[in-house]
Amino acid sequence: MSPQIAFPQGFLWGAATSSYQIEGAWNEDGKGESIWDRFSHTPGKISDGSTGDIACDHYHRWEADLDLMQSLGLQAYRFSITWPRVLPEGRGQVNQAGLDFYDRLVDGLLARNITPFVTLYHWDLPQALEDAGGWPARATAEAFVDYADAVSARLGDRVKHWITHNEPWVAAFLGYGMGVHAPGLRDFQKAMAASHHLLLSHGWAVPVIRANSQDARVGITLDLTDVVPASPSPQDYHAAREMDGFLNRWFLDPIFGRGYPADVIAWFGRVHGARVDFVQEGDMDAIAAPTDFLGVNYYTRHVARAPGDDNLPPTITTEDSEFTEMGWEVAPRSLFRLLNRLHFDYQTPAIYITENGAAFPDEVSEDGRVHDDRRLAYLDAHFRAAHEAIQCGVPLRGYFVWSLMDNFEWSFGYTKRFGIVYIDFETQQRIVKDSGLWYRDVIARNGLDGEPDALPTH
Ligand code: IFM
């Protein structure tokens, strides 16, 4: 019997991970040091003092992990490549042993009928490139193109879905502006230059990937949010517009051929004293290279208040407001709003939700299972919101849950669990959580049971 909330035929259900968060094997088989190796090895940077040295040990357990994915019925798997595994110094000599790992992984996925979605950059920049200036330096964008070439030349015959970058906002602004991610700098001018070079490297890499991978679909993944004014006041609307510029439009506008938004350039200058002096002739055309899809990572909405109201919390809390372990508000309606906005404002090509999920404090129960009801409810509500958006004409083609398994959550170490599979980091035992078992059924039925509810109000 078909489910009441049925997704379109061919809708792709998957799960996502990233290299540094799961692989481990940080110094094996010729891999070079990355900025996250350096950052996590620096005392005081990671809240629980941990590193990604072992993480989920996926580098050694990949075959069993692929079997697990198959047992869940996953149709697609989004993973990222460790740049310094492939090019230990960031450029120059290719480390074949590093590429061999991904070669085996791709073959293993295809043998299990799971479509690989490869992300080239999920934040583990070779330390050697950081030492030479990192993303604020234009030369890093050039090095990225060589890296994209090496990977797509090797895997492009089998990998047909490519994501150049994951969340360039985070890489640029948390890494170079706020210092909470590697490489840990606090310099807004550098962060802005980094954001430009990340985008530029994306635009330059698109034709290179296409040349190496016939019929490839190429896109970029942005972390996007729905910015909501805290009140109907003109001041709060203005604050929301500014925040939307910084979080969303700074990346969306150039990718969709509109150049950098003037109001955001002015805001960067006013608030951070930063200048846009890194754009060279032809850059904006390169960044606007046509893509085949937009990857959307969505977790929560953002409530904006005008300055002066800083003593008020950045939320509009009501009786039924719920927050995840990250302190992020559960806001499925905002996913619906965001998807429609992207479709309407940018006429996006296909969209994939390349990440969506939630951290909750999971425990293994006496019955040996992980009853993560809140994650299950979170996913259920967001799937419904996505379904509603599809009904409104949004070209949403697939959905990747973040994450396949609990992993290294950056500066939070192992204290935040996002997986639909539980990891015991002492023994490396994997336990499929209740949300994972439920997801397996959603995939099998290509939809959800129950009445199509009205969308929640937030
Ligand atoms: O774990 C991260 C991921 O690496 C990028 N997107 C957000 C996730 C949760 O914070």
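Look up a bit, the structure's there.
Residues numbered from 1 in each chain as written. Predicted model: local features only at pLDDT ≥ 70, side-chain atom pairs only at ≥ 80, totals over all residues. Heavy atoms only, no water.

## Let's talk about the site of the ligand
Logical step 1: Close to the ligand lie Gln21, His122, Trp123, Asn166, Glu167, Tyr299, Trp328, Glu355, Trp402, Glu409, Trp410 and Phe418, which account for all nearby residues.
Logical step 2: One of the side-chain N or O atoms of Trp402 is found 3.4 Å from an oxygen atom in the ligand.
Logical step 3: Within the side chain of Trp410, an N or O atom sits 2.8 Å from an oxygen atom of the ligand.
Logical step 4: Relative to its unbound accessible area of 280 Å², the ligand is 95% covered by the protein chains.
Logical step 5: Residue classes in the shell around the ligand are distributed as 6 nonpolar, 3 polar and 3 charged. (Near = heavy atom within 4 Å. Polar contact = N/O pair within 3.5 Å; in protein donor to acceptor, adjacent residues only side chain to side chain. Areas by Shrake-Rupley, 256 points an atom, 1.4 Å probe, with all protein chains shown as cover. Nonpolar A, V, L, I, M, F, W, Y, C, P; charged D, E, K, R; others polar.)

## Overview of the packing of helix α9 (residues 188-212) against helix α10 (residues 234-255)
Logical step 1: Between α9 and α10, the least distance of the axes is 11 Å, while the angle of their chain directions is 35°. Considering how the two elements wind past one another, α9 and α10 form a crossing that is right-handed. Facing α9, whose interface residues are Phe188, Met192, Ser195 and Leu199, α10 presents Phe246, Trp250, Phe251, Pro254 and Ile255.
Logical step 2: Of the residues that constitute the contact of α9 with α10, the class distribution is 8 nonpolar, 1 polar and no charged. (Axes fitted to C-alpha atoms, helices over the stretch in contact; angles between N-to-C directions. Helix = DSSP H or I, 4+ residues; strand = E, 2+ residues; numbered from the N terminus. Left-handed = near helix turned anticlockwise from the far one by under 90°. Contact = heavy atoms within 4.5 Å.)

## Observations regarding the nonpolar core
Logical step 1: Judged by nonpolar contacts, the single largest core of 145 residues is most densely connected at Phe173 and Phe383.
Logical step 2: When near neighbours in sequence (up to four residues on either side) are disregarded, Phe173 contacts Met178, Phe188, Ala191, Met192, Ser195, Phe246, Trp250, Phe251 and Phe268. (Core = buried A, V, L, I, M, F, W, Y, C linked by side-chain atoms within 4.5 Å. Buried < 20%, exposed > 50% of the residue type's maximum accessible area, 1.4 Å probe, protein only.)

## Quick look at unusual backbone geometry
Logical step 1: With an omega of 5°, the peptide bond between Ala182 and Pro183 qualifies as cis.
Logical step 2: Among the structural elements, Pro183 can be located in the loop between α8 (168-177) and α9.
Logical step 3: Geometrically, the link from Trp402 to Ser403 is a cis peptide bond, its omega value of 5° lying close to zero.
Logical step 4: Within the element layout of this structure, Ser403 appears in the loop between β11 (396-402) and β12 (421-424).
Logical step 5: Phi is positive for Asp215, which is not a glycine, with a value near 60°.
Logical step 6: Mapped onto the elements, Asp215 comes out in the loop between α9 and β6 (217-223).
Logical step 7: Owing to a relative accessible area of 67%, Asp215 belongs among the exposed residues under this scheme.
Logical step 8: Its identity as a non-glycine residue notwithstanding, Gln347 has a phi of 45°, on the positive side.
Logical step 9: Judged by relative accessible area, which is 56%, Gln347 ranks as exposed.

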